[in-house]
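Residue-level structural notes
Residues per chain, in single letters:
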Amino acid sequence: MTKTIDYFFGIGSPWAYIGFDAFIELAARSGAEIRPYLIPLIVENGAIYSRDRPDARRAYWMKDLRRWAALRGKPLDFTNRSALSDPTPAGFLVLAAQLDGQDWTALARALQHAFWGTAADIGNADVRKAIAEAAGFDGAALEARAARPDIAELWSSNRDVAKEAGVFGLPTFRYEGELYWGQDSLPFLERHLSGEKLVA
């Protein structure tokens, strides 16, 4: 029977960016299919946006991001981040690729790297299109596809699924009904995929 991992993530999540390749590689090693759910943070379930955290927690968060990024070999650029547009439309682009059977992982990787690795303003349509083109996609066609109603509907239904499942933060992985929050929980997911579930 095929193993299926529900993958709740967002382009605007630095942790999803840092853990993306490690997760994709784990799924491939385990022969698991990934079912992607692009979502925002689920505040009703307890998520807290970084801007709403106390200064001490934000300072630790940034240091921890840098530690993990170094460990995973991922560049991080915090230059002028407050001036960047909302990255949500970039997620819609990935949803468009997903629905049309294109390589959503390649597009997500390119957009995440641009946003977190180079501080590109992926909320800007022209910037998104250029990134998509450089990654081998038809940027204009994806933008047009992302504007269709079924994309917004999928975003909304993804959020509903995540809320019902108890997801709050990103990324979160669900396998056989068990949630694993954070890219640092990948070792626990790996054990579960191999048949060893540490907590019943």
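First things first, this report covers the structure right here in the doc. Worth saying up front: this structure is predicted, and the values here are computed from it rather than measured.

Cut-off values and rules
Residues numbered from 1 in each chain as written. Predicted model: local features only at pLDDT ≥ 70, side-chain atom pairs only at ≥ 80, totals over all residues. Heavy atoms only, no water. Buried < 20%, exposed > 50% of the residue type's maximum accessible area, 1.4 Å probe, protein only. Helix = DSSP H or I, 4+ residues; strand = E, 2+ residues; numbered from the N terminus. Arc of directions from axis to C-beta. Contact = heavy atoms within 4.5 Å. Polar contact = N/O pair within 3.5 Å; in protein donor to acceptor, adjacent residues only side chain to side chain. Axes fitted to C-alpha atoms, helices over the stretch in contact; angles between N-to-C directions. Parallel < 35°, antiparallel > 145°, perpendicular 65-115°, else oblique. Nonpolar A, V, L, I, M, F, W, Y, C, P; charged D, E, K, R; others polar. Phe/Tyr/Trp six-rings, centres within 6.5 Å; stacked < 30°, edge-to-face > 60°. Lys NZ or Arg CZ within 6 Å of the ring centre and 35° of its normal. 1 Å grid on protein atoms, 1.4 Å probe; cavity = no way out; pocket = protein on both sides within 12 Å on 5 of 7 lines; lining within 4 Å. Points joined across faces, edges and corners; volume = space filled by probe spheres on them.

With that settled, consider helix α5 (residues 125-134). Among all positions of α5, only Arg128, Ile131 and Ala132 are buried. The buried residues of α5 occupy one face: seen down the axis, they fall within an arc of 100°. For α5, the exposed residues set more than 90 degrees away from the buried face come down to Asp126 and Ala134. Those residues of α5 hidden inside the fold are in contact with α3 (88-99), α4 (104-117) and α6 (139-146). Capping the start of α5, Asn124 holds a side-chain oxygen 2.8 Å from the backbone nitrogen of Asp126, two or three residues further along. A positive backbone phi angle near 95° is found at Gly136, which sits one or two residues after α5.

Here we take up the packing of α3 against helix α7 (residues 149-165). Two elements in contact, α3 and α7, have axes separated by 10 Å at closest approach and are oriented at 100°. Between α3 and α7, the angle falls in the class roughly perpendicular. Together, Thr88, Phe92, Leu95, Ala96, Gln98 and Leu99 of α3 and Asp150, Ile151, Ala152, Leu154, Trp155 and Asn158 of α7 make up the contact between the two elements. The class makeup of the residues in the contact of α3 with α7 is eight nonpolar, three polar and one charged.

This model, assessed by the stated rule, comprises 12 aromatic pairs. Each ring, one from Phe23 and one from Phe173, has its centre 4.7 Å from the other, and the planes form 40°; the classification is tilted. Linking Phe23 in helix α1 (residues 14-29) with Phe173 in strand β3 (residues 172-175), this pair joins segments that are 150 residues apart in sequence. Across this residue pair, the class does not change: Phe23 and Phe173 are buried. Taking the centre distance of 5.4 Å and the plane angle of 50° together, the rings of Phe92 and Trp155 count as tilted. Of this pair, Phe92 sits in helix α3 while Trp155 sits in helix α7, and the two are 63 residues apart along the sequence. For Phe92, a relative accessible area of 19% translates into the label buried. On the basis of relative accessible area, Trp155 is assigned to the buried category, the value being 17%. Positioned over the ring face of Tyr49 is Arg51, at 4.4 Å from the centre of the ring. A cation over an aromatic ring shows up here: Arg81 above the ring of Trp116, its NZ or CZ 4.0 Å from the ring centre.

Before going further, it helps to spend a moment on the layout of surface pockets. Quantified by volume, the largest pocket comes out at close to 1,300 Å³. Lining the largest pocket are 43 residues, with Gly12, Ser13, Pro14, Ser50 and Trp61 sitting closest to its centre. When contributions to the lining of the largest pocket are tallied by element, the ones reaching two or more residues are α1, α2 (55-72), α3 and α4. Across the lining of the largest pocket, the residue classes break down as 23 nonpolar, 12 polar and eight charged.

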